[in-house]
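Notes for the structure review
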Amino acid sequence: MKHMNSEVKEERTSNKKRIDLFLVPIVLIAAFLNLFKIWTDEYANAYYTAAVKSMLQSFHNFFYASFDPGGYVTIDKPPVVFWIQTISAKIFGFHGWSVILPQALAGIGSVLLLYVLVKRTFGVWAGRFAALAMALTPIVPAVSRTNNIDSMLVFTLLVATWMLFCAVRTAKFGWVLAAFAMIGVAFNMKMLQAYMVLPAFYVFYVVATKITWKKKIAFLTTATALMLAVSVSWAVVVDSTSADKRPYMGSSQTNSVLELAFGYNGINRLTGNTSVTGSSHKQPAQTEQQTASSETKQNSNSSADSSQSSNQRKSSSSQKMQAPGGGNQNGMFNTGNPGPFRLFQKGLSDQISWLLPFVIFSIVGLFAGVKFKGSYTTKQRESLFWLAWLLPVAVFFSIAGFFHQYYLIMLAPPIAAFAGAGAVALWSMYKQHNDWKSWLLPGGILTTAALQVYIMSPYVSSIGVAPIAGVGALGVILALVLAIRKQRKNSLTNYLGAAAMVVLLAMPAYWAMTPIIYGGNSMLPSAGPDSSSGMGGPPSTATNSKQSGFNGMQPPGSSSGNSSSNGGQMPGGSSNNSQMPNSFSSKSSSSKRKSGGMNAEVNQKLLNYLTKNNTGEKYLFATTDSTSAAPYIIKTGKPVMAMGGFSGSDPILTVSKLKAMIKKGEVKYFYLSGMGKGGQSDVITWIKENSKEIPSSKWQSTSSSAQQGPSGNGTLYEITLK
């Protein structure tokens with residue numbers, strides 16, 4: 001801390017020609033959090049891993065990001081990240097870790113980029129603190145340890161930010177074009193989510209560049225046009241291709257990429273309307289519960305110890321999850337209820353909000369004395385950039401109807417940047433001022449410690465009282481001592497300031513390690529003592545809801561008394577022991593976790609039966625949704641048809657189209673359960689009425705330890721037409 005009063009130019013000069021030795025352990029921490037034990041995750045997010053398996057087989061599948069090797073339906077996101085994952089799997093071989101590796105490296109890269117971005121203007125200590133805060137933000141490693149998109153998205157947006165800063169610093173228009181083009185690339189990773197940073201880009205360029213308004217407008221218009229062109233380039237190619245020559249666009253209702261971008265992956269995330277054909281927006285809970293059940297069962301770590309506790313809590317938890325905006329305290333997917341303090345609610349606060357009070361005090365300090373009609377310093381301009389990133393994204397997550405906890409990684413860069421820049425600024429004010437500004441540092445420490453106590457309090461049963469009391473007591477003591485010792489320039493004060501930073505980062509660091517300690521969830525990544533459940537939150541709410549499904553909807557493989565209502569099991573389901581894990585006992589100690597995959601095993605007896613009786617059909621079998629299909633695609637590399645796409649609700653098939661496929665000899669076996677009927681009830685009804693049921697004794701394993709295929713209410717059918 002004592003070095004933070006040095007001038008930025010001196011710091012920059014002294015570190016220009018040598019490696020920053022303080023940065024090395026920060027990068028090593030990030031590498032440990034992002035990479036350690038990723039090799040134990042055999043399937044990662046099985047939905048996306050199955051797509052990589054399919055994309056490895058042909059350029060056609062690669063270009064369209066086909067979910068299945070047969071090119072029947074795509075995944076529900078654009079292809080860029082999955083192109084990178086496929087290339088990684090091609091180089092290193094097809095493994096869970098090889099599809100996770102690009103995201104893990106992107107998480108480490110984001111830490112380095114933030115250091116570079118913050119250090120240049122705010123000084124080397126600010127860069128160090130910002131990088132460390134980014135590395136220790138719990139949701140960052142939680143997402144980076146999976147094959148979900150968001151870590152790569154954030155890295156790409158930070159690359160775009162670096163390009164924009166270069167554009168302002170060098171006054172070269174080429175950098176502006178490159179920055180906005182990079183946002184276009186990010187759009188082809190996760191669509192409209194990439195545009196959340198646009199307010200920051202526009203505001204910063206307008207404020208920071210010293211050119212005429214005419215040129216500003218012309219340059220930004222041109223750059224925006226390029227961004228839009230890059231954004232829709234893939235979509236235009238796909239949508240202009242005849243539907244019979246490409247896969248169906250997964251999770252869309254009209255087989256259109258643009259509809260997917262602005263509907264399911266766009267406006268619907270804000271409104272919470274994820275209803276499918278035949279559903280009503282007035283009843284979003286039903287649709288969300290179906291999706292949640294599908295997503296949950298795709299990524300649970302099996303734990304025999306959890307079955308009993310899960311069953312005991314099933315009744316109470318089934319009443320706790322409601323639609324967005326309902327009366328439930330933790331909201332849909334444990335993302336809280338919309339409102340101005342949503343980011344401080346349970347389920348979200350422990351993922352991203354540990355340093356938010358300190359960030360607020362930092363913003364006050366960084367903008368203290370700003371005259372909005374005058375010129376801005378470089379520090380003020382870049383602070384404005386991070387603020388214009390932070391506020392719109394925070395507002396979105398405060399009001400959005402449908403998102404997952406891991407989307408919050410979008411807030412990590414501005415929070416970390418303000419934590420680093422603010423630590424230096426508040427320390428300087430504390431040492432050099434005697435007015436209200438000198439109180440910002442003690443105030444930020446005190447309020448941040450108080451919030452952290454609030455965040456941890458629901459977890460007292462799993463982490464104990466000591467860390468909660470320790471953070472609270474040390475936060476109060478250090479804040480008070482710093483307040484008493486204001487303006488005393490000695491080494492003790494410096495050590496107290498450093499100790500305060502350590503205290504504020506201690507529990508975020510622990511939370512960031514929980515995916516390693518307790519096991520992660522690759523489908524719905526989150527951090528915390530229940531990280532393996534995939535829905536971070538206190539054990540009395542989110543974990544229970546996760547363990548019993550949503551409103552009593554159980555995971556495949558469950559055979560409790562309520563199983564009849566959940567529509568049965570699926571290929572990859574298992575016996576009663578494979579219910580959702582107890583979040584505090586499900587540790588990733590096994591040599592291989594199959595967290596991505598619906599307990600991602602296959603029923604070998606079923607596979608043997610289907611393989612033996614395949615008479616040249618293109619598809620090994622057809623099933624309702626991707627949950628049932630993914631383990632078999634990963635295991636065999638053979639086409640398995642997810643008739644209704646990801647959740648079973650895509651209106652892909654018609655009865656006449658299915659008849660034609662059967663007559664052509666493309667498919668004859670169908671595994672059906674009650675799940676995923678959404679937009680294909682007519683097709684399923686026709687299958688049941690025109691098929692021969694295969695006796696379960698021919699394909700269903702009887703041993704509970706080997707019962708990894710369709711069982712319970714699931715049924716295997718055969719149809720042959722001439």
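Residues numbered from 1 in each chain as written. Predicted model: local features only at pLDDT ≥ 70, side-chain atom pairs only at ≥ 80, totals over all residues. Heavy atoms only, no water.

**Brief notes about the environment of Gln 103**
Short version of the rule: A run of DSSP states H or I qualifies as a helix once it reaches four residues; a run of E qualifies as a strand once it reaches two. Both are numbered from the N-terminal end. Only protein chains enter the area calculation, which uses a 1.4 Å probe; residues under 20% of their type maximum are buried, those over 50% are exposed, and those in between are partly exposed. Working rule for contacts: check all heavy atoms of both residues, and any pair within 4.5 Å makes them a contact.
Its place among the elements puts Gln 103 in helix α6 (residues 96–122). For Gln 103, a relative accessible area of 0% translates into the label buried. Once the C-alpha coordinates of Gln 103 and Val 143 are considered, the two residues, 40 residues apart in sequence, prove to be 8.1 Å apart. Residue contacts for Gln 103: discarding those within four places in its chain leaves Val 81, Gln 85, Ser 144, Thr 146, Asn 147, Asn 148, Ser 151 and Met 152.

**What to know about the environment of Gly 497**
Mapped onto the secondary structure, Gly 497 falls in helix α23 (residues 491–517). What makes Gly 497 buried here is its relative accessible area of 1%. Residues Gly 497 and Ala 423 lie 74 residues apart in sequence; the distance between their C-alpha atoms is 9.5 Å.

**With respect to the pattern of salt bridges**
Quick reminder of the rule: Take a side-chain nitrogen of Lys or Arg and a carboxyl oxygen of Asp or Glu: if they are within 4 Å of each other, that pair is a salt bridge.
All chains considered together, the criterion is met by five salt bridges. A salt bridge links Arg 128 to Asp 20, with the shortest nitrogen-to-oxygen separation between them at 2.8 Å. With Arg 128 in helix α7 (residues 124–136) and Asp 20 in the loop between α1 (8–14) and α2 (23–35), this residue pair connects regions lying 108 residues apart in the sequence. A relative accessible area of 5% means that Asp 20 is categorised as buried. Between Lys 190 and Asp 150 there is a salt bridge whose closest N-O contact spans 2.8 Å. In this pair, Lys 190 sits in helix α10 (residues 173–190) while Asp 150 sits in helix α9 (residues 150–170), placing the two residues 40 residues apart along the sequence. The class for Asp 150 is buried, based on a relative accessible area of 1%.

**Observations concerning unusual backbone geometry**
Even without being a glycine, Lys 37 presents a positive backbone phi close to 70°. Its location among the elements puts Lys 37 in the loop between α2 and α3 (46–55). Judged by relative accessible area, Lys 37 falls into the partly exposed class, the value being 24%. Not every positive phi belongs to a glycine, and Ala 44 is a case in point at roughly 55°. Tracing the backbone through its elements, the reader meets Ala 44 in the loop between α2 and α3.

**What to know about the sheet that holds strand β5 (residues 715–718)**
Sheet strands pair via backbone hydrogen bonds, and the direction of the pair is either parallel or antiparallel. Let me state the cut-off plainly: When DSSP finds two or more bridges between a pair of strands, those strands are recorded as paired.
An order of β2-β1-β3-β5-β4 is seen for the five strands of this open sheet, with the pairing classed as mixed. Unpaired on one side and paired on the other, β2 (641–642) and β4 (692–693) mark the two borders of the sheet. Bridge count for strand β1 (residues 622–623) against β2 is two bridges, and the pairing is parallel. Across the sheet, the residue bridging to Thr 623 is Ala 642, located in β2.

**Examining the side chain of Ser 151**
Along the chain, Ser 151 turns up in helix α9. Excluding anything up to four places from it in sequence, Ser 151 contacts Gln 103, Ala 106, Gly 107, Ser 110, Val 143, Ser 144 and Ile 409.

**Side note on the pairing of strand β3 (residues 669–672)**
Covered by surrounding structure in β3 are Tyr 669 and Tyr 671 together with Phe 670 and Leu 672, the residues of both alternating faces. With two bridges connecting them, β1 and β3 associate as parallel partners. Looking at β3, one finds that Ala 622 is bridged to Phe 670. As paired strands, β3 and β5 are joined by four bridges and run antiparallel to one another. Bridge pairing in β5 places Tyr 671 opposite Leu 716.

**Points about helix α20 (residues 440–456)**
Think of an α-helix as turning once every 3.6 residues; residues three or four places apart then point the same way. For the record, the criterion: To estimate how far a helix should reach, multiply one less than its number of residues by 1.5 Å.
When the terminal C-alpha atoms of α20 are compared, their 24 Å separation across 17 residues agrees well with the 24 Å that a helix rising 1.5 Å per residue should span. Most of α20 sits out of view: 12 of its 17 residues are buried. Regarding α20, the residues found buried are Leu 440, Leu 441, Pro 442, Gly 443, Gly 444, Ile 445, Thr 448, Ala 449, Leu 451, Gln 452, Ile 455 and Met 456. Turning to α20, the residues buried within the fold contact α16 (349–352), α17 (356–366), α19 (412–432), α21 (460–463), α22 (466–484) and α23.

**Things to note about the packing of α7 against α19**
Convention followed: Axis lines are fitted through C-alpha atoms, for helices just across the contact stretch, and the angle between N-to-C directions can take any value from 0 to 180 degrees. Here a crossing is called left-handed whenever its near helix is offset anticlockwise from the far helix by less than a right angle, and right-handed whenever the offset is clockwise. Polar here means any residue other than Ala, Val, Leu, Ile, Met, Phe, Trp, Tyr, Cys and Pro, which are nonpolar, and Asp, Glu, Lys and Arg, which are charged; Gly is therefore polar.
Running from N to C, α7 and α19 point in directions that differ by 145°, and their axes come no closer than 7 Å. Two packed elements cross with a definite hand, and for α7 against α19 that hand is right-handed. Side by side, α7 and α19 meet where Trp 125, Ala 126, Phe 129, Ala 130, Ala 133 and Met 134 of the first sit next to Ala 412, Pro 413, Ala 416, Ala 417, Ala 419, Gly 420, Ala 421, Ala 423 and Val 424 of the second. Residue composition of the contact of α7 with α19, grouped by class: 14 nonpolar, one polar and no charged.

**A closer look at the nonpolar core**
Using the following cut-off: Residue types Ala, Val, Leu, Ile, Met, Phe, Trp, Tyr and Cys, when buried and joined through side-chain atoms within 4.5 Å, form a set referred to as a nonpolar core.
Judged by nonpolar contacts, the single largest core of 200 residues is most densely connected at Phe 67, Phe 397, Leu 411, Met 643 and Phe 670. Looking at this core element by element, the count peaks at 14 residues for α19. Discounting residues that sit within four places of it in the chain, Met 643 has contacts with Tyr 72, Ala 622, Thr 623, Thr 624, Asp 650, Ile 652, Leu 653, Phe 670, Leu 672, Gln 680, Val 683 and Ile 687. If you look at the next biggest cluster of nonpolar residues, it comprises six residues, including Ile 38, Ala 44, Ala 89 and Ile 100.

**Considering α23**
Applied cut-off: Note that the bend at a residue is defined as the angle between axes fitted to the seven residues ending at it and the seven residues starting at it.
With 27 residues, α23 extends 37 Å between its outermost C-alpha atoms, agreeing within 8% with the 39 Å of an ideal straight helix rising 1.5 Å per residue. Approximately 30° is the largest bend angle found in α23, and it occurs at Leu 505, with the proline Pro 508 only one to four residues beyond. Following α23 by one or two positions, Gly 519 has its phi on the positive side, about 100°.

**Points about a nonpolar patch on the surface**
Put simply, the rule is: Two joining distances apply to patches: 9 Å for like charges and 5 Å for nonpolar side chains (Val, Leu, Ile, Met, Phe, Trp, Tyr), and every residue must have over 30% relative accessible area and no salt bridge. Surface accessibility follows the Shrake-Rupley procedure with a 1.4 Å probe radius. Residue values consider only the protein chains on display as shielding.
On the surface, Phe 32, Phe 36, Trp 39, Met 513 and Ile 517 cluster together into a nonpolar patch covering about 430 Å² of accessible area. Examined against the element boundaries, Trp 39 turns out to sit in the loop between α2 and α3.

**Focus: the side chain of Thr 224**
Filter applied, for reference: For this analysis, a polar contact is any N or O atom pair within 3.5 Å, provided that within protein one partner can donate a hydrogen and the other can accept it, and provided that sequence-adjacent residues contribute only side-chain to side-chain pairs.
Along the chain, Thr 224 turns up in helix α12 (residues 213–239). For Thr 224, a relative accessible area of 16% corresponds to the buried category. Side-chain polar atoms of Thr 224 contact the side chain of Tyr 202, separated by 2.7 Å.

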